[in-house]
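One-letter residues, chain by chain:
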Amino acid sequence: MKALLALLCGILFGVGLALSGMTDTAKVLGFLDLFGNWVPDLIFVMGGAVCVTLVAFHFVLKRQRPLLADAFTLPSRKHLDPPLLAGAAIFGVGWGIYGYCPGPALSALYYLDTNTVIFVIAMLAGMALAGRLGKAGAAD
Amino acid sequence: MMENYLAPLTGGLLIGAAAVALLYCLGRIAGISGILWGAVSGQADNAWRWLFLCGLVLGAALYHQLSGAPAPTPAALDWPWAVSGGLLVGFGTKLGSGCTSGHGVCGIGRLSTRSLVATLVFMATGILTVYLLRHVLGGSL
């Protein structure tokens, strides 16, 4: 049941990404081109999604537990720290270079474009590299 | 003019609904970078992660098959841009504990200060990067 619902949530998310235009790198780069020929459409993607989560999360998180698990698994850190800020800054640069953030890059695998596959492999390598650095840092 | 906004808005509402459903049912945050890293690094209780990620691809397939909308034109960028973009996106989202979905859609939805700040930062550096590539180094690349 849990597996089926995870699959359905993923499908719903994927339909949303493809429908919204987030899997179209030209649209995403046009949206980030604020000082050029700005295409504002994609602001409605984040806007629409956040409207839903802002209202619904409030009620979901008031429940004692989720439907199919013992507890909610939520991030515990509350304070701003250098890894958060540096990581977000670096992520934005990569997003601005190619136009994919992680979700759309994965959904776009459906289009079978070689460069999308290369992007996803490089993304995994980048995660592995940051994971190693994190471990090395923790050992110090 | 309005039809330009209808698909992004509807898509955004679906993304939000998927994030709410995942939190309600499994108690998990729909942060794609975190789910992807959890899946490939072989964390315990992993089936749901792989199935969610498969769903992302199936969802795109479903949308294009049912709507008949053509696949977007592939990026007019050579593979070194895919490598550098991918590396930075992977490195940054792991280091910064999240991406557009985990920080942007879910984190702001939980009123997390960390996520709101992260979202402002990656929007800003994304905009700055496009500005530099298109309008400062413009066209030479």
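The shown structure was predicted, so the numbers you read here are calculated from the model rather than taken from an experiment.

About the cut-offs
- Per-chain numbering applies: the sequence of each chain, read as written, is numbered from 1 onward.
- Here every chain gets a letter starting at A, and every ligand a number starting at 1, in the order they are written.
- Only residues with pLDDT of 70 or above have their local features reported here, since the model is predicted, and side-chain atom pairs are shown and tallied only from 80 upward, although totals for entire chains, interfaces and linings are computed over all residues.
- Helix and strand assignments come from DSSP, with helices taken as H or I runs of at least 4 residues and strands as E runs of at least 2, each series counted from the N terminus.
- The burial label depends on the number of other C-beta atoms within 10 Å of a residue's C-beta. Counts of 20 or more mean buried, 12 or fewer mean exposed, and intermediate counts mean partly exposed, with C-beta atoms placed from the backbone.
- Each residue after the first adds 1.5 Å to the expected span of a helix.
- Working definition of a contact: two residues with C-beta atoms, positioned from the backbone, lying within 7 Å.
- Note on geometry: axes are C-alpha line fits, over the in-contact stretch for helices, and angles between N-to-C directions span 0 to 180 degrees.
- Angle categories: roughly parallel below 35 degrees, roughly antiparallel above 145, roughly perpendicular from 65 to 115, and oblique for all the rest.
- Should the near helix be turned anticlockwise from the far one by less than a right angle, the crossing is termed left-handed; should it be turned clockwise, right-handed.
- A residue's pLDDT is simply how confident the predictor is in it, with values from 0 to 100.

**Quick word on the overall build of chain A**
Part 1: Counting its regular elements, chain A contains 6 helices and 0 strands.
Part 2: For chain A, the succession of helices and strands along the chain, N to C, is α-α-α-α-α-α.
Part 3: Dimensions of chain A, computed from the C-alpha atoms along their principal axes, are close to 45 × 45 × 30 Å.
Part 4: The buried share of chain A, reckoned over its 140 residues, is 50%.

**Comments concerning the overall build of chain B**
Part 1: Assigned secondary structure in chain B consists of 6 helices and 0 strands.
Part 2: When its helices and strands are written in sequence order, chain B yields α-α-α-α-α-α.
Part 3: Expressed along its principal axes, the backbone C-alpha trace of chain B runs to roughly 50 × 40 × 30 Å.
Part 4: Relative to its full complement of 141 residues, chain B shows a buried share of 57%.

**Focus: helix H3 (residues 43–60) of chain A**
One turn of the α-helix equals 3.6 residues, which is why residues spaced by three or four share an orientation.
Part 1: Between its terminal C-alpha atoms H3(A) stretches 25 Å, which fits the 26 Å expected from 18 residues at 1.5 Å a residue.
Part 2: Of all the positions in H3(A), only Phe44(A), Val45(A), Met46(A), Gly48(A), Ala49(A), Val50(A), Val52(A), Thr53(A), Phe57(A) and Val60(A) are classed as buried.

**Some points on the interface of chain B and chain A**
Part 1: Taken residue by residue, the interface counts 95 residues in chain B and 99 residues in chain A.
Part 2: Among the elements of the structure, helix H1 (3–26), helix H2 (32–40), helix H3 (47–67), helix H4 (79–95), helix H5 (100–109) and helix H6 (113–136) of chain B are those that each provide at least two residues to the side of chain B that touches chain A.
Part 3: The element contributing the most residues to the side of chain B that touches chain A is H1(B), with 22 residues.

**Digging into the environment of Asn4(B)**
Part 1: Take Asn4(B): it is sitting in helix H1.
Part 2: Once the C-alpha coordinates of Asn4(B) and Ser101(B) are considered, the two residues, 97 residues apart in sequence, prove to be 22 Å apart.

**A look at the packing of H2(B) against H3(B)**
Residue and element names in this part refer to chain B.
Part 1: In the contact formed by H2 and H3, the axes pass within 9 Å of each other and the chain directions differ by 125°. As judged from the angle between their axes, H2 and H3 are oblique. The interaxial crossing formed by H2 with H3 has left-handed handedness. Here Ile35, Leu36, Gly38 and Ala39 of H2 come into contact with H3, specifically with Arg49, Trp50, Phe52 and Leu53.

**Quick notes on the packing of helix H4 (residues 82–98) of chain A against H4(B)**
Part 1: For the pair H4(A) and H4(B), the least separation of the axes is 7 Å and the interaxial angle reads 155°. The angle between H4(A) and H4(B) places the two elements in the roughly antiparallel class. Handedness of the H4(A)/H4(B) crossing: left-handed. Note on element contacts: H4(B) touches H4(A) through Trp81(B), Ala82(B), Ser84(B), Gly85(B), Gly86(B), Leu87(B), Leu88(B), Val89(B), Phe91(B), Gly92(B), Thr93(B) and Leu95(B), opposite Pro83(A), Ala86(A), Gly87(A), Ala88(A), Ile90(A), Phe91(A), Val93(A), Gly94(A), Trp95(A), Ile97(A) and Tyr98(A).

**Some points on helix H1 (residues 2–20) of chain A**
Part 1: With 19 residues, H1(A) extends 27 Å from end C-alpha to end C-alpha; this agrees with the ideal 27 Å at 1.5 Å per step.
Part 2: In terms of burial, H1(A) is a largely internal element, 14 of the 19 residues being buried.

**Topic: the environment of Leu14(B)**
Part 1: Position of Leu14(B) relative to the elements: it lies in helix H1.
Part 2: Taking the C-beta count within 10 Å as the criterion, Leu14(B) has 26 such neighbours and is therefore assigned buried.
Part 3: Excluding its chain neighbours within four sequence positions, the residues that come into contact with Leu14(B) are Leu12(A), Val15(A), Gly16(A) and Leu19(A).

**Re the confidence of the model for chain B**
Part 1: Across chain B, the average pLDDT comes to 94, with 96% of residues at or above 70.
Part 2: Per the prediction output, this complex has pTM 0.95; the corresponding ipTM is 0.95.

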